[in-house]
Every structure is written in structure tokens, then in C-alpha cells.
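# Residue-level structure breakdown
What follows is each chain in one-letter form.
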Amino acid sequence: MRVLSGIQPTGRPHWGNFFGAIRQYISLQEEHDGFYFIADLHALTTVRDASALRQNTLDAALDLLALGLDPQRATLFVQSRVPEVSELCWLLMTGAGMGLLERCHAYKEKKAKGLPADAGLFTYPVLMSADILAYDAELVPVGQDQVQHVEVCRDLAGSFNHTFGDVFKLPKAQVMTDAAKVPGTDGQKMSKSYDNTLPLFGDEKQIRKMIMRIVTDSRPMEEPKVPEDDHLFQLYRLVAPPADVEAMAEKYRRGGFGYGEVKKGVADASEAFFGAARQRRRELEQNLDYVTQVLDQGAEKARGEAAAVLLRAQKACGLR
Ligand code: TYM
């Protein structure tokens, strides 16, 4: 089965990206034909600094490889290296109703906050649809926040097929139930735009500090608590070994523990969990030629696939 997903190079990847999405890329690459890309065209809607975008894109490739994406099994590429996707985006745009796009949350939220929005942000789900349809993807592993966009993709593909014949495969989103919406350091959804992220890579002391500053409630230590309702526990559960998670859950239910102790547990468990990836990243940083080569080969393969789908769509709607 063709599996596809993308991540925006808008800053350092965080726990939400990893547990919601990247972890799925890595497990799915074992059995399926994975296409994973760095969505630099999407990032252009927020990153308006050329050297930062270039650096973030390379960083994202290093991050994904360090976390275990294996170019022998999956195809890794940069979105803008496949111009066929932008062309396909236009074909889809001609059938994308304004009402449908107005309901999409990225645009709606920005507008609700009174922030200026541009056509790139408004049509963002159409480009995302082109990303998916260009490769005949069937399964799209994502976090909960992207499910709506995959639904839009299905709508656009379905209506194109209805008008012009059977051109596109209809994809499905796949969400991890235990990490559909990883909480941030303030308990809201972890997101770069809320400034509440825990990075996967970076200075360990600083990451530990960020963990120690996670916001907690002021209930007394002695009070028994429901572990699953607490965002600190939800984070602990992602990185700690199952036996430790069960022991911690028991402490919550009994009461008589301090959040400081849990935070230290999160920090220790996260160092152990991400330790190997951090080491691999340091090694990859010394071998950028290899990374460039992976991205070149990935782009070549992706272009071949996207060109065939684009041609199919062009013929169907009378452009050829
Ligand atoms: P992006 O870059 O915002 O996020 C990358 C992936 O991380 C997931 N994610 C989360 N999952 C759980 N909890 C969280 N707190 C959390 N925060 C982020 C996202 O759901 C996503 O799966 N539009 C996409 C990139 C994209 C794409 C695509 C994805 C472009 N084209 C085609 C799939 C298919 C985005 O902005 O992801």
C-alpha cells in the first residue's frame, strides 16, 4: 500500500510531530511503500526568510533520518522539488468551493484572531490534497489536526472523479489513538504556534528545563488523581517503559506524590527514549553529502510518480 505524509519545516520538530506522525512513518515503512516529504511550499506561508527556510528544510531531513526513516525502505524528498504537485494543485483549485475552504481550521482560526491571512493559507488544504493525490497515496498517517485536511482531499478527489472520470485514488487518514493530540507544556495541544513545544533535538539541559517548567495544577500532593486526565502523565506515558508507566499511574491513583517527581521522570525517560536518535543526528551532521544524495534520489523517484498522475488528470479534464 502507498503511504504518504509530510511535515512542514517551520522550526524544530516536537513531541507532537513525533508521537502523532513520524513514529507512524517509521513503523509503516517496514511493510508499506512510504513516501514522506518536507513541505517547504506549505512552510512558505509562515517562514518568510530564505536562509531560515533552507536551513529548516535540511534540518527536517536530518531529523527524520535520525529518528529512523530509512531511505532504503521509504522515499524521502522535499515537496518543492516536484513541481508537478503545484500544477496538479491548480487543477484541484478549479473545483474547490470557497465554502469548503472557509471551514478549514487553519484559515478559520487565523481569521477569528483577526490576523492577516493570504491566499496561500486559504488554499493550503488544496495543495495538501495535491500532495496526497499526486502519488496515489491510500493511507495518510497524521495527527488529529490534519484529519480535516485529508477529508477535504477526499472531497476534492471525489468531485474531480465525478466530473472527469476515475482519476484519483481516495486516501484515508490514520491517527494514533494514544497520540492524536499530544499536549504541550501548558496543557493545550502542542503546537509551534502556541509556543508550548518540547523539541526532540537540542541542548539536553535546556530541554530538561522546559520539562521542569511544564504547567501543573495546584491540587494538594496527598489527593488521589486520575492519571489519564493529567497532561504531565500523558507526556510521561509516551516516553517511559510500560512497567514504569503503570507504577506512575498507581502513584497518581494513590496520591501522595509531587509533580516535580513526575517531571524528573519525564526528563529522564525522554533522554533515554531519544538518546539514540540524538547520537545518530550528530553523526548525520558530519555527513551532509549523504543527506543531499538521499533527497536528490527521493525527488527523482517522486517526480516520476507525480508526472504520471498529473498526465492522467490533464488528459481527463481536456488539457491534453
Ligand atoms: P505539521 O508540520 O504541522 O505537522 C506534522 C505532523 O505532526 C502532527 N502533529 C501532531 N500530532 C499529535 N499531536 C500534536 N500536538 C501534533 N502537532 C503536530 C500533524 O498532525 C502532522 O501529521 N499540513 C501538514 C503537512 C502536510 C501534509 C501534506 C501532511 C503538507 N502536505 C500531505 C500529510 C499529507 C502540516 O502542517 O503538518
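Refer to the structure above for everything that follows.
Given the structure is predicted, the values throughout are model-derived calculations rather than measurements.

### Focus on the pattern of salt bridges
All chains considered together, the criterion is met by 22 salt bridges. Two residues, Arg281 and Asp63, come together in a salt bridge whose shortest N-O distance is 2.5 Å. Placement of Arg281 in helix 13 (residues 259–285) and of Asp63 in helix 3 (residues 50–67) is noted, with a sequence separation of 218 residues between them. On the accessibility criterion, Arg281 (5% relative accessible area) is buried. Asp63 gets classed as buried once you look at its relative accessible area, which sits at 3%. Notably, a salt bridge pairs Glu84 with Arg303, separated by 3.0 Å at the nearest N-O pair. One end of the pair, Glu84, is in helix 4 (residues 83–93); the other, Arg303, is in helix 14 (residues 288–317), and 219 residues separate them in sequence. Salt bridges here are not isolated pairs; linked through shared partners, they connect Arg12, Asp59, Asp63, Arg281 and Glu285.

### Examining the packing of aromatic side chains
The relative placement of two aromatic rings is captured by the distance of their centres and the angle of their planes. In the structure shown here, the tally under the stated rule is 19 aromatic pairs. An angle of 55° between the planes, with centres 5.9 Å apart, marks the rings of Trp15 and Phe274 as tilted. In this pair, Trp15 is assigned in helix 1 (residues 15–28) and Phe274 in helix 13, connecting sequence segments 259 residues apart. Residue Trp15 is classed as buried on the basis of its relative accessible area, which comes to 0%. Three or more aromatic residues joined by ring pairs form one cluster here, namely Trp15, Phe18, Phe19, Phe273 and Phe274. Stacked on the ring of Phe35, the Lys or Arg Arg2 has its end atom at 4.0 Å from the ring centre. Of note, Arg281 hangs over the ring of Phe201, and the distance from its end group to the ring centre comes to 5.5 Å.

### So, the site of the ligand
Every one of the 28 residues lining the ligand counts as a neighbour, but Gln8, Tyr124, Asp131, Asp145 and Val182 are closest to it. Gly16 places a main-chain nitrogen or oxygen 3.1 Å from a nitrogen atom of the ligand. Measuring from an oxygen atom of the ligand, one finds a backbone N or O atom of Gly143 at 2.9 Å. Protein burial of the ligand: of its 710 Å² of free accessible surface, 96% is covered by the chains. A molecule is said to occupy a pocket when more than half its atoms come within 2 Å of that pocket's grid points, and by this definition the ligand occupies the largest pocket. Only strand 1 (2–7), helix 1 and helix 8 (124–133) provide two or more residues apiece to the shell around the ligand. Tallied by class, the residues present in the shell around the ligand amount to 14 nonpolar, 10 polar and 4 charged.

The rules behind these values
Residues numbered from 1 in each chain as written. Predicted model: local features only at pLDDT ≥ 70, side-chain atom pairs only at ≥ 80, totals over all residues. Heavy atoms only, no water. Salt bridge = Lys/Arg side-chain N within 4 Å of Asp/Glu carboxyl O. Helix = DSSP H or I, 4+ residues; strand = E, 2+ residues; numbered from the N terminus. Buried < 20%, exposed > 50% of the residue type's maximum accessible area, 1.4 Å probe, protein only. Phe/Tyr/Trp six-rings, centres within 6.5 Å; stacked < 30°, edge-to-face > 60°. Lys NZ or Arg CZ within 6 Å of the ring centre and 35° of its normal. Near = heavy atom within 4 Å. Polar contact = N/O pair within 3.5 Å; in protein donor to acceptor, adjacent residues only side chain to side chain. Areas by Shrake-Rupley, 256 points an atom, 1.4 Å probe, with all protein chains shown as cover. 1 Å grid on protein atoms, 1.4 Å probe; cavity = no way out; pocket = protein on both sides within 12 Å on 5 of 7 lines; lining within 4 Å. Sits in = over half its atoms within 2 Å of the grid points. Nonpolar A, V, L, I, M, F, W, Y, C, P; charged D, E, K, R; others polar.

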